[in-house]
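One-letter residues, chain by chain:
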Amino acid sequence: MANEKLRNACFKAFETFKKINDPAYSDIQSKLEFVVGSYDYDQNPVGLYEFGNAALPLLKEIKEANPRKVTKQLLTDLEKALAN
């Protein structure tokens, strides 16, 4: 259950980076997309934790600069999922 929440939070983070459409975030965007697909295939959450932790500070930076681009709910969901 906790892994599913993390998977969903990482997928939402991926979608957020995709909407922002900034080449500076293309690397983390593609890695999130890959680890979500990988988790769907093998149910191993290691990559979700690794890149979820990498995405969180980037999302917080974006939120500070442009509050409307990143939802507070996304940050909360990702932080809670990573804490488990």
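Shown above is the structure to which this text applies.
Predicted model, so just to flag it, every value in this text is computed and none were measured.

Chemist: Talk me through the pattern of salt bridges; I want residue IDs and the actual numbers.
Modeler: Tallied over the entire structure, the rule returns 4 salt bridges. In this structure, D40 and R7 form a salt bridge, with 2.8 Å as the shortest nitrogen-oxygen distance. Taken as a pair, D40 in helix 2 (residues 26–42) and R7 in helix 1 (residues 2–20) lie far apart in primary sequence, 33 residues in all. Residue class for D40 comes out partly exposed when judged on its relative accessible area of 40%. Overall, R7 belongs to the buried group, its relative accessible area being 16%.

Chemist: Lay out the side chain of T16 in plain terms, naming residues and giving numbers.
Modeler: Within the fold, T16 resides in helix 1. Aside from chain neighbours lying at most four places away, what touches T16 is L59, K69, V70 and L74.

Chemist: So, the side chain of Q29: which residues are in play, and what are the values?
Modeler: Position of Q29 among the secondary structure elements: in helix 2. Residue contacts for Q29: discarding those within four places in its chain leaves F14, F17 and K18.

Chemist: Now, about the nonpolar core: what can you tell me, with residues and values included?
Modeler: Counting residues in hydrophobic clusters, the biggest one holds 25 residues, and the most contacted among them are F17, L32, L59 and L78. Per-element accounting of this core gives the leading share, 7 residues, to helix 1. The residues contacting L59, other than those within four sequence positions of it, are A13, T16, F17, V70, L74, L75 and L78.

Thresholds applied
- Residues numbered from 1 in each chain as written.
- Predicted model: local features only at pLDDT ≥ 70, side-chain atom pairs only at ≥ 80, totals over all residues.
- Heavy atoms only, no water.
- Salt bridge = Lys/Arg side-chain N within 4 Å of Asp/Glu carboxyl O.
- Helix = DSSP H or I, 4+ residues; strand = E, 2+ residues; numbered from the N terminus.
- Buried < 20%, exposed > 50% of the residue type's maximum accessible area, 1.4 Å probe, protein only.
- Contact = heavy atoms within 4.5 Å.
- Core = buried A, V, L, I, M, F, W, Y, C linked by side-chain atoms within 4.5 Å.

Any functional reading would require information beyond the geometric quantities listed.
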